[in-house]
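Residue-level structural notes
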Amino acid sequence: LVIDPGHGGEDTGARGPAGRLEKDLTLAVARRVCAAAVDSLSVQAYLTRDTDIALDLDERAAIANNFNADIFLSIHANGSRVASASGTEVFFLSYTAVDDEARRVALQEGAVAERAPTADKDVGLILWDMAQAAQLEASSKLATSLHASIAEASLSRSRGVKQAPFRVLVGATMPASLLEIGFITNPAEEKLLFTDEHQARLTDAII
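Residues numbered from 1 in each chain as written. Predicted model: local features only at pLDDT ≥ 70, side-chain atom pairs only at ≥ 80, totals over all residues. Heavy atoms only, no water.

Most of strand E4 (residues 88-93) is tucked away: 6 of the 6 residues are buried. Pairing analysis gives 5 bridges linking E4 to strand E5 (residues 158-164), with the strands arranged parallel. Bridge pairing in E5 links Phe 91 to Lys 162. Where E4 lies against strand E6 (residues 176-183), 3 bridges are found, and the strand directions are antiparallel. (Buried < 20%, exposed > 50% of the residue type's maximum accessible area, 1.4 Å probe, protein only. Helix = DSSP H or I, 4+ residues; strand = E, 2+ residues; numbered from the N terminus. Pairing = 2+ DSSP bridges.)

What follows is the structure, given as structure tokens:
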């Protein structure tokens with residue numbers, strides 16, 4: 001299992017009204033998930049970053065590939081200009097966003113250019129498509145399972161499972177999902193997300 005704490009370094013991610021940063025939240029939760037995976041499931045688990053450093057989006061999936069991971073999970077916190085926006089949602093990769101909201105989140109976290117399928121593809125692109133398609137069903141099942149577990153724990157409002165062109169998931173050769181654990185721009189949710197109790201419950205739901 002490779003867990004990716006979103007953002008890092010100069011890339012702070014979203015900022016909450018109280019000044020808390022997405023990069024700090026994702027690292028704190030990712031550390032908990034990594035430790036729980038090792039202690040509770042006795043699996044090998046690694047972080048793409050364990051300090052406040054910057055990583056290119058392409059590097060993150062590459063790290064998972066280098067570890068020959070079975071699962072790649074990228075952890076993020078959502079942001080919105082609407083202060084009341086709240087809830088969790090889980091994504092897996094697709095060429096195009098399922099809706100405008102999914103497109104907005106993908107652009108916020110780093111998106112690849114959306115493109116329509118075409119019959120005029122070179123061999124390299126065809127092979128890449130085949131590799132991604134092989135993981136699509138497994139990634140969908142992973143995202144659905146994560147969503148169900150978090151929803152069952154009633155941690156916050158569920159915003160569902162969606163597809164979007166997240167660059168951080170491109171190139172992963174294993175089932176991969178991106179988890180938005182809540183809206184850091186929501187004052188109440190920002191406060192909740194940084195509590196030990198909520199992070200522990202969230203970790204239990206993920207693992």
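What follows covers the sheet that holds strand E1 (residues 2-5). Each strand in a sheet pairs with another by means of backbone hydrogen bonds, the pair being arranged parallel or else antiparallel. The strand order across the open sheet formed by 6 strands is E2-E1-E3-E6-E4-E5, and the pairing between neighbours is mixed. The two strands at the open ends of the sheet, each matched to only one other strand, are strand E2 (46-47) and E5.

Moving on: the side chain of Arg 159. Topologically, Arg 159 is positioned in strand E5. Side-chain polar atoms of Arg 159 contact the backbone oxygen of Ser 86, separated by 3.1 Å. (Polar contact = N/O pair within 3.5 Å; in protein donor to acceptor, adjacent residues only side chain to side chain.)

Moving on: unusual backbone geometry. Phi at His 7 is positive, roughly 65 degrees, even though this residue is not glycine. For His 7, the location among the structural elements is in the loop between E1 and helix H1 (22-41). Positive phi, close to 55 degrees, is recorded for Asn 68, a residue that is not glycine. The topology assignment puts Asn 68 in the loop between helix H2 (57-66) and strand E3 (72-78). Look at Asn 68 and you get exposed, because its relative accessible area is 63%.

Here we come to the layout of surface pockets. The computed volume of the second largest pocket comes to approximately 290 Å³. Forming the walls of the second largest pocket are 15 residues, and the residues nearest its centre are Leu 1, Ile 71, Leu 142, Ile 206 and Ile 207. Within the residue set of the lining of the second largest pocket, elements represented by two or more residues are H1, helix H4 (123-152) and helix H6 (196-206). Tallying contributions element by element places H4 first for the lining of the second largest pocket, with 4 residues. Looking at side-chain class alone, the lining of the second largest pocket contains 11 nonpolar, 3 polar and 1 charged residues. (1 Å grid on protein atoms, 1.4 Å probe; cavity = no way out; pocket = protein on both sides within 12 Å on 5 of 7 lines; lining within 4 Å. Points joined across faces, edges and corners; volume = space filled by probe spheres on them. Nonpolar A, V, L, I, M, F, W, Y, C, P; charged D, E, K, R; others polar.)

As a further point, take the packing of aromatic side chains. Any pair of aromatic rings gets described here by the distance separating the centres and the angle formed by the planes. Applying the stated criterion to the full structure yields 2 aromatic pairs. Geometrically, the ring pair formed by Tyr 46 and Phe 67 is stacked, given 4.0 Å between the ring centres and 10 degrees between the ring planes. In this pair, Tyr 46 is assigned in strand E2 and Phe 67 in the loop between H2 and E3, connecting sequence segments 21 residues apart. Stacked on the ring of Phe 194, the Lys or Arg Arg 20 has its end atom at 5.3 Å from the ring centre. (Phe/Tyr/Trp six-rings, centres within 6.5 Å; stacked < 30°, edge-to-face > 60°. Lys NZ or Arg CZ within 6 Å of the ring centre and 35° of its normal.)

Summing up the model confidence of the chain, the mean pLDDT is 87 and the portion of residues at 70 or higher is 83%. Across residues 113-119, confidence stays below pLDDT 50; counting only partners more than four residues off in sequence or on other chains, it has 10 contacts. (pLDDT = per-residue confidence, 0-100. Contact = heavy atoms within 4.5 Å.)

The subject of this paragraph is the nonpolar core. Generally speaking, soluble globular proteins have nonpolar side chains that are buried together. Ranked by size, the top nonpolar core spans 27 residues in total, and within it Ile 3, Val 29, Ile 75, Leu 179, Ile 181, Leu 202 and Ile 206 carry the most contacts. Looking at this core, the elements that each hand over two or more residues are H1, E3, E4, H4, E6 and H6. Element by element, the count of residues in this core is highest for H1, at 6 residues. Counting residues in hydrophobic clusters, the runner-up holds 15 residues, among them Val 2, Phe 91, Phe 166 and Met 174. (Core = buried A, V, L, I, M, F, W, Y, C linked by side-chain atoms within 4.5 Å.)

A word on the environment of Ser 40. Residue placement: Ser 40 occurs in helix H1. Using a relative accessible area of 56% as the deciding quantity, one classes Ser 40 as exposed. C-alpha separation for the pair Ser 40 and Ile 207, spaced 167 residues apart in sequence, amounts to 8.3 Å.

Pairing between side chains of opposite charge can happen when the charged atoms of each approach one another. Overall, the coordinates contain 9 salt bridges when judged by the stated rule. The salt bridge involving Arg 32 is made with Asp 196; its shortest N-O contact spans 3.0 Å. With Arg 32 in helix H1 and Asp 196 in helix H6, the pair connects residues that are 164 residues apart, well separated along the chain. For Asp 58, the salt bridge goes to Arg 167, with nearest N and O atoms at 2.9 Å. On the criterion of sequence distance, the pair formed by Asp 58 in helix H2 and Arg 167 in the loop between E5 and E6 is long-range, its members being 109 residues apart. (Salt bridge = Lys/Arg side-chain N within 4 Å of Asp/Glu carboxyl O.)

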